[in-house]
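Take a look at the letters that make up each chain.
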Amino acid sequence: MPRVNYRSSDVDLMARMMRAEAEGEGQQGMLYVGNVIVNRLVANCLDFKGLRTVPQVIYQVQGGNFSFEAVQKGNVFYQRSRTAERRLAKQNLDYWRDQPAKYALWYFNPHAPCPPTWYDQPQSGQFKQHCFYEPKAGTCDSAYSG
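Residues numbered from 1 in each chain as written. Predicted model: local features only at pLDDT ≥ 70, side-chain atom pairs only at ≥ 80, totals over all residues. Heavy atoms only, no water.

Below, the discussion takes up helix α5 (residues 83-94). With 12 residues, α5 extends 16 Å between its outermost C-alpha atoms, agreeing within 8% with the 16 Å of an ideal straight helix rising 1.5 Å per residue. Listed in full, the buried residues belonging to α5 are Glu-85, Leu-88, Ala-89, Gln-91, Asn-92 and Leu-93. Buried residues in α5 make contact with α1 (8-22), α2 (26-43) and α3 (54-58). (Helix = DSSP H or I, 4+ residues; strand = E, 2+ residues; numbered from the N terminus. Expected span 1.5 Å × (residues − 1). Buried < 20%, exposed > 50% of the residue type's maximum accessible area, 1.4 Å probe, protein only. Contact = heavy atoms within 4.5 Å.)

As structure tokens, this is what we get:
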């Protein structure tokens, strides 16, 4: 049983996002970005209440801006998804989770060392240039299920 319900168009959109956000970090980096997308869909807490579809997660607006830089800058739309990225996206949607993004709801590239917290959320680890953050204990138990 997959972690979330999805359609083939969700796989394609998620694959494009993963490529746009983390292509330079290889397949592992793209899988971690995919983890965060699915985790936000599963969490239904904090800033992610009411998100029920992959497009809702990817096009979410917070503080007047899109949540993901690739949507803000438009580079998610510059490239088609390739078979490799679609396979990775499907892995995330079906089952794949791993540290440092296993429970992460946020990531970013600080272009500097990772801060220990980001918006008061604890760091769960780093992969190449991306820092990952999971919810503070007791604030989003649903992020740790599914």
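The next subject is the pattern of salt bridges. Per the stated rule, a full pass over the model turns up 8 salt bridges. A salt bridge links Arg-7 to Asp-10, with the nearest nitrogen and oxygen atoms 4.0 Å apart. Asp-120 is paired through a salt bridge with Lys-136; the nearest N and O atoms lie 2.6 Å apart. You can see Asp-120 sitting in the loop between β4 (117-118) and β5 (121-127) and its partner Lys-136 sitting in the segment after β6 (130-133), a full 16 residues away along the chain. Of the residues examined, Asp-120 reaches a relative accessible area of 48% and is grouped as partly exposed. (Salt bridge = Lys/Arg side-chain N within 4 Å of Asp/Glu carboxyl O.)

Here a ring pair, both rings aromatic, is described through the centre-centre distance and the interplanar angle of the planes. Taken as a whole and judged by the stated rule, the model has 11 aromatic pairs. With 4.8 Å between their ring centres and 45° between their planes, Tyr-103 and Tyr-144 make a pair best called tilted. Residue Tyr-103 is found in the loop between α5 and β3 (106-108), and its partner Tyr-144 is found in the segment after β6; the two are separated by 41 residues along the sequence. Look at Tyr-103 and you get partly exposed, because its relative accessible area is 21%. For Tyr-144, a relative accessible area of 33% puts it in the partly exposed group. (Phe/Tyr/Trp six-rings, centres within 6.5 Å; stacked < 30°, edge-to-face > 60°.)

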